[in-house]
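# Architecture and fold: a report
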Amino acid sequence: MEIQIGDVLRYKKPACGENMYEDGYLNFHFLTKSIEANNLQLEKGINPSAKIKTSLGQLVRPAILISSSPNKKGSIETPWEDFYDVDNGHIRYFGDNKEPGKDPATAPGNKALLEAFRLAHSHNVDERLFTPPILFFKRAIVNGVAKGYPQFYGLGIINSVELVTLWGNKLARTFTNYAFDFTVLCIAAEHEKFEWDWINNRRKKAFSLAITNQTAPKSWRQWLNEGSNALNKLRRRVSKLSLEKTVNQKPIPGSESDKILNQIYDYYANKKHRFEALAEVIAERVIDRDLGIYQKGWVTQGSGDGGADFIGKVTLGSGFSKVELIVLGQAKCESLNMPTGGNHIARTVARLKRGWLGVYVTTSYFSDSVQREVIEDKYPIILIHGRRLAEEVAKLVYESEAYSNVVEFLIAMDTVYPSRLKQRQAEEILNI
């Protein structure tokens, strides 16, 4: 049976594999049922299938299923955020240890993935044959329900493993865990269709690795022969205009991000020009939060700003090899349910000189036509929509010990606004 990347399945409890479809969606339990093996599950983040003896008596794990729940990110249950970018063949996924002081390698899911990593990067072809395919799912929201609808995101190989330190909300303590970077394999040769029977055949008692691999995706078979050096050329890549759907630019209604975005809008509703100070802080984080290459400049007055609400610079390189780029920012506290106007984007772009960078921060979202114009004309402008704004503010409040809630943080941003006003310097740099 074939499925495609992006297909949403139905995962009901208790498990029942009798019906091919449940509630209009392909039944996960029907797809994965086997009379010779235990049911595959998505109850945890990392779900290794039980090892089975092959026809040669070797113990092999047929598959590992990975499940991510975006609705739980930053919660006590999931104090991190997984990153799925399957159109560029990359997934970053955090392991299953959450206990301070515990060796993360002993957590059952981590243990299975570390074993898969060792097998996948073996220089011995015969040993690579034992590598379990890793299948990716993410919980989709269907009719407002965030459980029971896993969405398929393809198969892949572990490319690298990193030991990281994370913060646990439950015990208010740090702990160590593993971050796994996966290469999602291209299945263009199969016309983007994945044959699930390959997985089910690997779960049959005394199955043959040689025979079952004949029905594996072409990219998997090529990787088995060539090893990890071939991963980059086998990576899934989707050529398309990178348009962000409106639903992905707006927080989920009723979510924490939705509440934060409304708090931001309400706070600045009667003093929208002061939103500029917050917008620059968000632009700094988006441009480069880790390396700190963005340097704050100043914000301009509420009128006569010449098309720029804040000005900064980005420094690339160092010493003699250093290059500094002027950053012109536009900040708009706009209605949450109306797309930002293309004329505002055009106004910012018109002010950009060679080597300058534009940033547009809004509480709203960007229409397809605005995004398409920016992409097709290759404008050097970064678009930051309302959802990203709310998420970054949430992180700022969470990371800081100085603020107990969002409003306290916004008040702090408001107080720095007067000290950041430098209209004369703005006029000089813009030649207005």
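Everything discussed here concerns the structure shown above.
Residues numbered from 1 in each chain as written. Predicted model: local features only at pLDDT ≥ 70, side-chain atom pairs only at ≥ 80, totals over all residues. Heavy atoms only, no water.

### Notes on the packing of aromatic side chains
With the rule as written, the count across this model stands at 19 aromatic pairs. Plain terms: the ring middles of Y267 and Y268 are 5.0 Å apart, the flat faces sit at 85° to each other, and that makes the pair edge-to-face. We note that Y267, like Y268, is buried. Considering the side-chain rings of Y360 and F366, the 5.8 Å spacing of their centres and the 75° angle between planes classify their relative orientation as edge-to-face. By way of ring pairs, the aromatic residues Y11, F28, F137, F152, F194, W196, W198, W220 and W223 are connected into one cluster. Over the aromatic face of Y149 sits the side chain of R10, whose NZ or CZ is 4.4 Å from the ring centroid. Its end group placed over the ring of Y11, R139 keeps NZ or CZ at 5.8 Å from the ring centre. (Phe/Tyr/Trp six-rings, centres within 6.5 Å; stacked < 30°, edge-to-face > 60°. Buried < 20%, exposed > 50% of the residue type's maximum accessible area, 1.4 Å probe, protein only. Lys NZ or Arg CZ within 6 Å of the ring centre and 35° of its normal.)

### A few points about the pattern of salt bridges
In this structure the tally under the stated criterion is 22 salt bridges. Between E226 and K233 there is a salt bridge, with its nearest N and O atoms 2.9 Å apart. Residue class for E226 comes out partly exposed when judged on its relative accessible area of 40%. Linked through salt bridges whose partners overlap, the residues forming this network are R285, R388, E392, K395 and E399. (Salt bridge = Lys/Arg side-chain N within 4 Å of Asp/Glu carboxyl O.)

In short, shape yes, function no, at least from these values alone.
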